[in-house]
Every structure is written in C-alpha cells, then in structure tokens.
Amino acid sequence: MSVTTTRFYCSALILAATLISLAACSSLTRQEPMTSLPTPITSPLDTREYRSLELNNGLRVLLISDADAEKAAASMNVAAGSLQDPDEWPGLAHFLEHMLFLGTATYPESDAYQNYIRQHGGSYNAFTAPRDTNYFFDIRPEHLDGALSRFSRFFVDPLLSDDYLEREINAVHSEWSATLQDDGRLRLAALRQALNPEHPSSRFSAGNRDSLDIEDPALRQAMLAYHENYYHPDRMTLVIIGPQDLNELEALTEKHFLDLETKTSEPDPKWPELVRSEDLPALLEIKPLRQTRQLQLLFPIADSTADFKKKPDTYLAHLIGHEGQGSLLDALKQKGWVTELSAGSQMRTGQEALFSINLQLTPTGEEHLKEIEAAVFAWLNLIREEGIEEWRFQEKAKIAANSFRYQERSDPSNLATHLAMQMPLYPIEDLLRVHSAWDTFDAELIRDYLNQLKPDNRLTLHISPDVETDSVAPWLPAEYRLQQPLSENRARLVAPPEFLELRLPGPNPFIPSNLTLNDGEQQLQPQRIKETTGMEVWQGLDTSFEAPRAQLYISLQNPRVTSSLRERLLAQLTARWLQDELNAPGYPARLAGLNYDIHAHSRGLTLSLGGYNSEQERLLEMLLETLLTASVDEEHFQRLQLRQEEALINQRRDRLPQQLIRQTFNDSLSPSWTPEEQLKALPKLKAEDLADFVETFPNQLYVQLLSWGNHTPAAVERLADKLQQRLQPGLTPEDVERLGIKQLPPGQWSKKLNLEHNDRALLFYFQGKSGDPKEEAYLRLIAQLQSSAFFHELRTRQQLGYAVFSNFLPLIDQPGLFYFIQSPDTEPDELAEAIEAFLRSDLQRLEKLDKQDFEEHRQSLINRLTESDKRLSQRADGFWQEIGNGRYQFDYKDRVAKEVASIDREALTTFYTQLMNFSRAAYLVGSSPERRGRLLPGQEADPDSWPVRILETNNP
C-alpha cells in the first residue's frame, strides 16, 4: 500500500468516525415529530388498519387505512364551540367557522379549497356545536395530498380577511333567518330562558347581524382572539381515512400538520349549574308553529361520559323508553293519551347533562297532563324496585356485542367526523366501541342516576298550539311562559291513574338464534325464482358484507289505491294503523337488531323487513297475522285521522326546499293530490271505512317480493309460499294501473306560491327526456360541473342567500336538474333572473374549461356512479327501486356511467345550449310571504293540461 493511499484511507476513517459521532449526538437531541398512541380495539370483522399518533405540537391524530375505500376523507375537530363565545359576541365561533373557508396565506383565493374538492369528486362542510367546531371533507383518494395541503392551512395560516367580514355576516344572518320557523330552534330558544343565565348554554349561539355588528371594529379583534385562544393543537383532533397504507397516511400527516404552532390552551372553566337547583321544579310552556303536542320532563344529572363502560343513564333510558307490552308507553297509548315516548341524555356539557323523558301527546292526553306525569314517576318507582338487574344489563351487552361485530361500514366522511369528535372524550383504545361497551354492571351507580330523576328536580316542558304564553324569547321569536319555581301546590304530584298495569319487560325473544352465513352462489343481481298468478319473487344470496342479515321487501298492490284519493288516504291510514298495532309486540325485535316498516304508496302498501335474517320469518308471520286479524276501533281511528291531518298541516312548515320540490313533484305526477285536497277529503272518512278497507284490501292483490342478503332460495320460496297461503293474491301486473309523469311542454313555465315562511325562495327545474341513460348522463355531468360555480357566484359573490345549491333531480325514471336559492329579502322574480343570468353566462366558462379540468369532473362523476355499496340495505334498496319502477335494469347506473365516459366538452356544450333554449321544459316554482309582487318569468303553469306518460313495465 502506498503512502498516499494509506494517508487517504486513514483520513476517510477519521471522517467516517466523525460523521458517526455527530449522527449519534444528533440522535440524542433530535425530537421525533410524533409519538405513538394506543391502537383502537376493533370488531373481529373490521379489515381496516388503524394507527394513532400525537404530533410534537400536541395534535392527536387517528389514521385509518381502508383498502376498499373509494373516497378518502378527513375531519379536524376543535374542542371549542359556542360555549366559548364571549358574552358580548354571541355567534362568534360560528362566524369564525365561516371565515376559515375564505382563503389562507398559502392559497389566498376565497374558493381555492372548495373548487379543488369539488373538481376532484369530493364534498366539504363544517358545523359549530356547543363544545366543538368540526371541519370535514371527502375526495377521490389520489387527490388526498392536495386536499390536505389546502385543508391544513385553515389551521396554520388563515387570512381571516377584512374583505369578507360583511359577506360572511350576511351568510350567518341568512342561516339564522332560515331558522325563524324551525320549531326545534324555537324550542331551544325558549328552553334557554329556563337555564341558569350564568351558564353559557343559556346564550344565543347562531349569530346574526345584530349580535355580530359589522360596524364595531372590535368584531375582527374578537374573532382573532377566539382563534388565538382556542385553535391550538392540544384542542384539536384529526382523523384521516383513505386506501393509502398507514405509512403513507402518516407521511401526509407530518407533511401538512407538523407546522401547526405549538400552544397550550387554558382549560375550560368550571361552569355554574346548568339549571339552578332553587329554580326547580319548574314549568315551561311553549307554543310551536307545527301541530304537535308534547310533555317533556328534563332532569339535571351528572354527565356520564366518563362512565361509558357502565352506561348508567343509557341503561335507564332503555327501560324508561321501552315500548313493549306492559310498558308505560303501551299503557298510555292504549288509553289514547300518548303516541310516542323516548328517553335519554342531552345537552352534555362535560360536567352536567339533562336527562329527558319525552312523550308525544294526543289532544285527549293534553287534558290529563298531571296524571301522565304521575304515571311517569310510577314507572320510575317500578324500575327502582324491580328493574336494576344484572341479567338486563347482560342482555343489552349481548345485543351490543352483536351490533359491534356485524357493524356496517360508515361513509368515510361521516366516520371521520364522528371519531374526531369522540377523540377528546374517550380513551383512544375504546374509540370504536364507545356505544357497544357494556362492560361493567354497577347497580349502585345506576341507582344514583335514577335518584336524580325525582319530582323536585324536574323541569317540565309542555309544548302545544293551545298553551297560553306571556313572553317571546330574544333572538328567535319563541312564544313561551315560564313558571320557575313552581309553587308547592302546583308541583305536587297527583295519584297515578287507576288503569295503569305496568310490568317490566322479560327476556327478549328476538335475539338472533343463528348468526351463520349461508353457503351458495353469490348473486350480483336479483334473480326471479318464482312467477305465478298474483305474485313474482326475486332473490339474491349476498354475504359479501359478512353479516347474517337480509332485506325483505313485499309490495301489496291493489288497483283501488292507484286512482282514488279516498282509497289512497285509507291506504295511508292503514299503514299508520298497522304500525301502531305492531309497535308493542314488535318492539323487542327492533331492540334485538331487526327492523320493519310499513308505508303506503301509489299502488298499495309495502312491508319492509331488515336486520338479522334468522328471526325474520317469525316477524313476518306476526305482521301478516296482525294485518289479517286485528280490528279497527272508533277511538283508534280518530287518533289515526288526527295524526294524518296534523302531518298534512305540518307540511306547510317544512323547509322551503322540501316544499318547493314537493310542489314540483305534485305538479308532475299523475294522479296526485295536494295537501289541501287531502285535508278536505280526510274528514269524510269514518272508522267503518277504514275497517272495511283493512278487511277487503287483501282480497285483490298483486304481490312483488324481493329478498336480498343471507336468505337461500329455499328460504325465500318458503316465505313466498307463506305469503301465497295467507294472502292468496290473484291479480296480474296489468290489473294495477301505474303512475304517470306529466311531460312539461318545451318552454319556460312558472308558478308563484305564498307559503307560510318568512323567507323567499325559487326552484328552477329542468325536466329531461324520459328513461334515457344518455339524457341522464348529460344532466348529471352538468350538475357536477356547475355545483361549485353556482354556489360561489350566487351565494358567495352575490350573497343572495344562505341556502344556495343545485343538483340532479330524478322523478322515478325521468331525469331532471334543479337550482335553488332561499333568501331572507330577495324576491323570487329577482332570484329567477339571477339564476337564468348565471346559467346563460356559465356557457362561456364551460366552453373554456380546459381538457384536464373537464376530465377530472367527468371522472369524479363516473366514480360516484360506479361506487360500490357500503351497506346491504343500500344495495337492496337500489334493486327494489328498479323492480318497483318496472325498469328492471339492475345495472342502470353502470349504463349511465358508460354514457358519461362518452361525452366530450363539445358535445356537452351543444346539449347545454339546447337546454338554455328551453328545448326541454323549465319549471320555475317560487315562494314569497308577500302576496303581491312581480310575476315570475315564463308562462303561467297549468299542470292539468300537460300530457301524461304512463310508466312502462320492461319485465324481463
């Protein structure tokens, strides 16, 4: 070895040693960017992988790798909400939530985040709750990196620009205005008057122009201070879900969230009492807008979150709210005083909660409020004496264990949001099993909670259109009267009603006896396995969700129902009657994981059963026996008739989008009847009419049956034979007239309504040509391309209202497209002009859309159309819809997706130009509280003159 080489070799060794030494030194001082936390306990059938971490800035993260996920999603929860609002700025947390969407230092455009999410097949939103503010999105998985890049900046470098303050206050105000006729919000506003005024739950929290005064320069500083005080990593929890492996998700987390500034939050103060003990017992009477009557008993209790494995309040809610034979509800229902009962904790603050016992009253029940209250406390005494038993707890634990083992997949965005909100409250290892954890029976703890449900600790709410009030709540016009505390005489309980014969439930007979999955060929589509006079039977064995469940649908079709308003009303009353008759004997089945529903439709009744398949035959037998043998009495009929009347009247108080879409459908279907026509015909019906209908309805039937899930062909044939024997159907499909859809003539048509709502609204609807996958493909692609632009232009830029959206709108098999705006102060004719101006000007944007953007939107739509079903019921519902509409094209969405793939930009703009020339009809339906005002554009609609297309049956 030469001297030179030796010197070089020695130098290299010295350099290497020095580098190793430095690296070792660095490893001793370098802080790891994140540390591992426990992994959540999972269901045995859960194939997803989980990893929980804490970044060195304090942010806790849960990563979920789901190889089958077709969407990625994320949710950031900030453990601060309206309870943290400063006293002088009600609604500040909600306002800040709005402002975070409007640009960051990294992405300064006000719609950069929104456009990116929409363009890549996603959706986004946020909400402010009392203790939390939550932000979430979903997106096509390959774009998760870009979405997180934009999303993370909300919490790193938001602009919170002065330029958008007024605009977003207007948006918050419009949102508040839309709740002025929302009974739930009005009830909360009244309830707040009974709470401790020193507790933040008593404050207004939504915000409006008055509470967030744009003229006050202190507003922005207050908003910045809220962000500075509460938007800290140690108050934040993040959940990310995607098909990427855990290492890749961890790398994305480190890349985008490590630069959140490390800050330590001050703990929330210890709140004062939610309801002052000296103010109880109390009575709060509230006048609702809807026809509803309720008696609600609220009791301040300790927040049970820390005892989630013992579930003391949930155990009590289960027994108090039991609806089976011998229960409080069963007794009061048979007396005709009450129609529904529910129980459980609400308004949790972390320190306290309110335990609610809520009873839906009949008008007769309203005359016996004191007796009903006494009955409630008699029921509580029976539970105290006989109901706190370990076998009951273990039975609930068994049902919960089945539910946890066979839990159905959640939508990624919903799952991320739910878990992000749970993370601050529960140990990470128990995060997935919080609601299924019935681990420890603690009789003493349950009794402690029960002892808090005592007469002198009650706040009674009486909600009725007939109550007398003397006050109006601030911020929302809730009419109420508060007596707080009640005098000793008013607070005293009367003796329980003599007719009460209460008994606690016995062991549940519907807990599934067989949870095995059936072997056999798996079906991708339903197969018709039987067709006889009077019946067709469809079946599909599908255990791909690895759960012993099935969906059964039975359509009982009678030609009397199709074209007669009288018979349609009797069918609706029959559905209500049958639900009532089944409620007590069928309630244990619901608890055990089965479900059933009875609803009326245009050709008769549909019976739907779901859940664990092993007990479905017994449940179906109970249902058929009730339909064929139970009787209708006069008192029950009167209650059914009243509930139907109230439901029709309450439609007038539905949200404006619901009302305008319903009006559009009513005008487009044949036959159809308005709520007013139904209200006029309903009083003419008598108890004997319903009794006759129930008795004779099964005599003329055509039956369609679909079973999908864990039933074998043999089991389905056995069910079909049972139906055949009990019902003896003898009609053919041709004997039952099908619905028709009115074909709007080309042009622009309009109808102006005067609905009972303080806001104005307009629905702009295009009716497509019937039953053509290519037509549907064009309309769906236009909806995909315009949704974000429509919102940004008319809501964000023009500030015409808070509720601004557009979407594809099918009517049975007829495609359609709609645009909707709800505004506190802009009249419908102006909204119509604004929508049409957008639609015409947007052609230029569509024509200039670059190829990559167009292809991204097109692919996003294709992905959504071909997305696999997340739940057995979702898949079965789609198949049943195809059978019901007579199209039988079980791959229809795939056909539409193929048509979407064939559309290029030029073809789309040609179609869109034709649409704007009204080659397909446009129907404008508007509403205003003002009876006068300018007419809407277009010709006045005359739906009775429109031609009708009768739905065809393409029976294979």
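How each quantity is defined
- Every chain begins its residue count from 1, and numbering advances along the sequence as written.
- With pLDDT at 70 or above as the cut-off, local features in this predicted model cover only qualifying residues; side-chain atom pairs require 80 or more to be listed or tallied, and sums for whole chains, interfaces and linings still use all residues.
- As a rule here, side-chain values cover all heavy atoms of the structure and leave hydrogens and water aside.
- UniProt positions are given in the numbering used here, feature names are shortened, and annotations may be inferred rather than shown by experiment.
- Under the scheme used here, helices are H or I runs from DSSP no shorter than 4 residues and strands are E runs no shorter than 2 residues, and both carry numbers assigned from the N terminus.
- Each residue gets one of three labels from its accessible area relative to the maximum for its type: buried under 20%, exposed over 50%, partly exposed in between, using a 1.4 Å probe on protein chains only.
- Pairing between strands is defined by DSSP: at least two bridges between the two strands are required.
- Between the first and last residue of a helix there are one fewer steps than residues, each counted as 1.5 Å, and that sum is the expected span.
- Each domain span listed reflects an automatic or database assignment of domains.
- Residue contacts are counted whenever heavy atoms from the two residues lie within 4.5 Å of one another.
- Buried area adds together the accessible area that both of two parts lose upon being put together, with accessible area traced by a 1.4 Å probe.
- Only one rule defines a salt bridge in this text: a Lys or Arg side-chain nitrogen within 4 Å of an Asp or Glu carboxyl oxygen.
- Whenever a nitrogen or oxygen atom comes within 3.5 Å of another N or O atom, the pair is scored as a polar contact, on the condition that within protein one atom can donate a hydrogen and the other can accept it, and that pairs from neighbouring residues in sequence are kept only if both atoms are in side chains.
- Think of it as three bins: nonpolar holds Ala, Val, Leu, Ile, Met, Phe, Trp, Tyr, Cys and Pro, charged holds Asp, Glu, Lys and Arg, and polar takes everything else, Gly as well.

The protein is annotated in an unreviewed UniProt entry as Protease 3 from Marinospirillum celere. Annotation of the protein in UniProt includes, under Function (unreviewed entry), the sentence "Endopeptidase that degrades small peptides of less than 7 kDa, such as glucagon and insulin." As its UniProt record puts it under Cofactor (unreviewed entry), the protein is described as follows: "Zn(2+)".

(A) Structural context of the UniProt feature "domain: Peptidase M16 middle/third" (unreviewed entry) in the protein. Those residues carrying the UniProt feature "domain: Peptidase M16 middle/third" (unreviewed entry) are residues 404-681 in this numbering. Secondary structure content for residues 404-681 is 40% helix and 18% strand, while the C-alpha to C-alpha distance between its ends is 48 Å.

(B) Summary view of the pairing of strand E9 (residues 294-302). Across the nine residues that make up E9, a large majority, eight, are buried. By the bridge criterion, nine bridges tie E9 to strand E11 (residues 352-361) in an arrangement that is antiparallel. Bridging across to E11, Gln 294 finds its partner in Gln 360. Sheet analysis places E9 next to strand E12 (residues 459-463), joined by five bridges and oriented antiparallel. Paired with Gln 294 across the two strands is Ile 463, which belongs to E12.

(C) Looking closely at the UniProt feature "domain: Peptidase M16 N-terminal" (unreviewed entry) in the protein. UniProt marks residues 60-182 with the feature "domain: Peptidase M16 N-terminal" (unreviewed entry), using the numbering shown here. The annotated region residues 60-182 carries 34% helix and 21% strand content, and the separation between its end C-alpha atoms amounts to 37 Å.

(D) Region of the structure containing unusual backbone geometry. In this structure, Pro 281 follows Leu 280 across a cis peptide bond, with omega equal to -5°. Its place among the elements puts Pro 281 in the loop between helix H8 (246-257) and strand E8 (282-287). For the bond running from Ser 670 to Pro 671, omega is 0°, close enough to zero to count as cis. Of note, Lys 311 is a non-glycine position whose phi angle comes to about 50°, a positive value. Turning to its location among the elements, Lys 311 is positioned in the loop between E9 and helix H9 (312-320). Even without glycine at this site, Glu 546 takes up a positive phi of about 55°. Within the element layout of this structure, Glu 546 appears in the loop between strand E16 (535-541) and strand E17 (550-557).

(E) Representation of helix H21 (residues 656-668) within the structure. For H21, which comprises 13 residues, the first-to-last C-alpha distance of 18 Å matches the rise-based estimate of 18 Å (1.5 Å per residue) to within 8%. Counted residue by residue, H21 has 10 buried out of 13 residues, so it is predominantly covered. Every buried residue of H21 is listed here: Leu 656, Pro 657, Gln 659, Leu 660, Ile 661, Gln 663, Thr 664, Asn 666, Asp 667 and Ser 668.

(F) Region of interest: the domain arrangement of the protein. According to the domain assignment, the protein contains domain 1 (42-258), domain 2 (277-410 + 422-491), domain 3 (527-735) and domain 4 (743-950). Measuring from the centre of the C-alpha atoms in domain 3 to the corresponding centre in domain 4 gives 31 Å. Each partner contributes residues to the interface: domain 3 has 32 residues there, and domain 4 has 39 residues. Summing both partners gives a buried area of about 3,000 Å² for domain 3 against domain 4, and 73% of it is carried by carbon and sulfur. The interface formed by domain 3 and domain 4 contains three salt bridges. Put simply, Asp 542 and Arg 875 hold a salt bridge, and the shortest N to O gap is 2.7 Å. For the interface between domain 3 and domain 4, the tally reads nine residue pairs in polar contact (both at pLDDT 80 or more). Among the elements of the structure, E16, E17, H21, strand E20 (669-670) and strand E21 (702-709) are those that each provide at least two residues to the side of domain 3 that touches domain 4. Broken down by element, the side of domain 3 that touches domain 4 gets its largest block of residues, 10 residues, from H21. In terms of residue class, the side of domain 3 that touches domain 4 is made up of 14 nonpolar, 11 polar and seven charged.

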